[in-house]
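One-letter residues, chain by chain:
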Amino acid sequence: MGYLFSIETLRLNNNGFVGELPSQLKNCRSLTLFNLAENKLSGSIPEWLGASLPNLTILILQSNNFYGSIPPQLCHLTRIQLLDLSMNNISGTIPKCLNNLTTLTKKGSSSQAIQHSFLGQYLRQRLQERYDDEAFLTWKGFRAKFKSNLGLLKSIDLSSNKLIGEIPSEITYLVGLISLNLSRNQLIGQIPSRIGNLQELESLDLSKNQINGKIPTSLSRIASLGKLNLSENNLFGKIPIGTQLQSFDYAYDGNRLLCGAPLPRTCPEEEKGPRQSVLVNQDSQDGLIMQGYYISMGLGFAIGFWGVCGTLLLNKSCRYTYFNFLTFLNDWLHLKAAIICQRMLNR
């Protein structure tokens, strides 16, 4: 089989194959679809899948016994649209180089179907014929067959493995993704804050992990989201307000510290809302009282100052009386001081 240099589609699913993938398959450099789902293949995912098959558009290794980590060489599959490694024993972390999957970083698709052409023979004439690739995939929780619309599907499914670590933020660069399934692993950390960049997402499943933190507000901006499952994690805080997020009743089960609609649990800040408004009103009243106090002081000083000075300036007799009094007081003080000094000298 390793000598089929021009083969483009290789579907070996549902055959009960055992053992490791033969390395001779790396010679099939024209492969665009490689489906090995539902066998009993084992060993680590070979590096040559990413290094030697540059045209791969669909890679399905679902439901086997592959173990070990995801080789970073898979990030060389710049044409990949569908990557399904679900239901294996894969461990380690999700590679951060996923943003190198160029086709997934672009929105839309060039064609609905993934077509191939070949030379056939009819009535002794060689004719060029075409056929569409097809694949059975788990879509929004159900097995479905894709053929005429296979080219539109852009998906990553790493569910039901033993992956650890955090969801890499680089995954938010894959803005062409229609479906992302990382459920049933051992992922920790928080949901990337820029998850809302994935505006094409129709299905997001992060359930049954150990993800913590708050649900990013950017998630509420994905208008196309039709399926969401964040259940059985350690998320906490208020569910962001958004039309889609409030319509997924089951999506938040098993997160005991989540609150807000559509859950029946009211958030603590919502319970304190009326009380806080009272405190705000009280603070504003205190501010008004202090403002009035300073205004009164200013007015009192102005009235007192100009009440005295204004009278002296405008009333001539009062002005003479006032200055005569000051002159008398000055003379009396000098006289008193002189008498005291004389008495002290006589002693």
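Since this is a predicted model, take the numbers as computed values, not measurements.

Draft legend 1. Spotlight on the overall build of the protein. Along the protein, the regular secondary structure elements total 4 helices and 19 strands. Out of the 347 residues belonging to the protein, those deemed buried represent 40%. Across the protein, contacts joining residues at least 24 apart in sequence account for 50% of those joining residues at least 6 apart.

Draft legend 2. Just the sheet that holds strand E1 (residues 9-11), in detail. Pairing in this open sheet of 8 strands is parallel, and the strands run E1-E3-E5-E7-E13-E14-E15-E17 from one edge to the other. Here the strands that pair on one side only, and so sit at the sheet edges, are E1 and strand E17 (227-229). With direction set aside, neighbouring strand axes in the sheet form an average angle of 10 degrees.

Draft legend 3. Expanded view of the nonpolar core. Counting 61 residues, the largest nonpolar core has Leu49, Leu59, Leu219, Leu228 and Tyr252 as the members making the most contacts within it. Core analysis: the next-biggest nonpolar cluster, separate from the first, contains 6 residues, Leu33, Ala37, Leu82 and Leu153 among them.

Draft legend 4. Local environment of the pairing of strand E4 (residues 40-44). Pairing analysis gives 2 bridges linking strand E2 (residues 18-19) to E4, with the strands arranged parallel. Bridged to Gly19 within E4 is Leu41. By the bridge criterion, 3 bridges tie E4 to strand E6 (residues 65-68) in an arrangement that is parallel. Bridged to Ser42 within E6 is Asn65.

Draft legend 5. Seen up close, the sheet that holds strand E19 (residues 257-259). The strand order across the open sheet built from 3 strands is E16-E18-E19, with neighbouring strands paired in parallel fashion. Of all strands in the sheet, those with a lone pairing partner are strand E16 (212-213) and E19, marking the two edges. Of the pairings in the sheet, the one linking strand E18 (residues 234-238) to E19 comprises 3 bridges and is parallel in character. Each residue of the ladder has a partner; that of Gly237, found in E19, is Leu258.

Draft legend 6. Representation of the environment of Leu201. Tracing the backbone shows Leu201 in the loop between strand E14 (179-181) and strand E15 (203-205). C-alpha separation for the pair Leu201 and Leu225, spaced 24 residues apart in sequence, amounts to 5.7 Å.

Draft legend 7. Representation of the pairing of E6 in the model. With 2 bridges joining them, E6 and strand E8 (residues 89-90) adopt parallel strand pairing. If you follow Tyr67 over to E8, its bridge partner there is Asn89.

Draft legend 8. Region of interest: the pattern of salt bridges. Evaluated as defined, the whole model comprises 1 salt bridge. Two residues, Lys227 and Asp205, come together in a salt bridge whose shortest N-O distance is 3.6 Å. Residue Lys227 is located in strand E17, and its partner Asp205 is located in strand E15; the two are separated by 22 residues in the primary sequence.

Draft legend 9. View of the environment of Ser179. Considering the arrangement of structural elements, one finds Ser179 in strand E14. Here the alpha-carbon distance between Ser179 and Leu153, two residues 26 residues apart in the chain, equals 8.1 Å.

Draft legend 10. How the structure looks around the state of the cysteines. Enumeration according to the criterion identifies 2 disulfides in this entry. The disulfide that involves Cys75 links it to Cys97, with 1.9 Å between the sulfurs. Looking down the S-S bond of the Cys75 and Cys97 bridge, the torsion is 70 degrees, so its handedness is right-handed. Placement of the pair is Cys75 in the loop between E6 and strand E7 (82-84) and Cys97 in the loop between E8 and strand E9 (115-122), with a sequence separation of 22 residues. Through a disulfide, Cys259 is tied to Cys267; the S-S separation comes to 2.1 Å. The chirality of the disulfide connecting Cys259 with Cys267 is right-handed, given an S-S dihedral of about 105 degrees. Numbered by order of appearance in the sequence, the disulfide-linked cysteines of the protein pair as 1-2, 3-4.

Draft legend 11. Structural view of the side chain of Ser183. Within the element layout of this structure, Ser183 appears in the loop between E14 and E15. Within the structure, Ser183 has its side chain in polar contact with the side chain of Asn181 (distance 2.7 Å).

Rules used in this analysis
- Residues numbered from 1 in each chain as written.
- Predicted model: local features only at pLDDT ≥ 70, side-chain atom pairs only at ≥ 80, totals over all residues.
- Heavy atoms only, no water.
- Helix = DSSP H or I, 4+ residues; strand = E, 2+ residues; numbered from the N terminus.
- Buried < 20%, exposed > 50% of the residue type's maximum accessible area, 1.4 Å probe, protein only.
- Contact = heavy atoms within 4.5 Å.
- Pairing = 2+ DSSP bridges.
- Axes fitted to C-alpha atoms, helices over the stretch in contact; angles between N-to-C directions.
- Core = buried A, V, L, I, M, F, W, Y, C linked by side-chain atoms within 4.5 Å.
- Salt bridge = Lys/Arg side-chain N within 4 Å of Asp/Glu carboxyl O.
- Disulfide = S-S within 2.5 Å.
- Polar contact = N/O pair within 3.5 Å; in protein donor to acceptor, adjacent residues only side chain to side chain.

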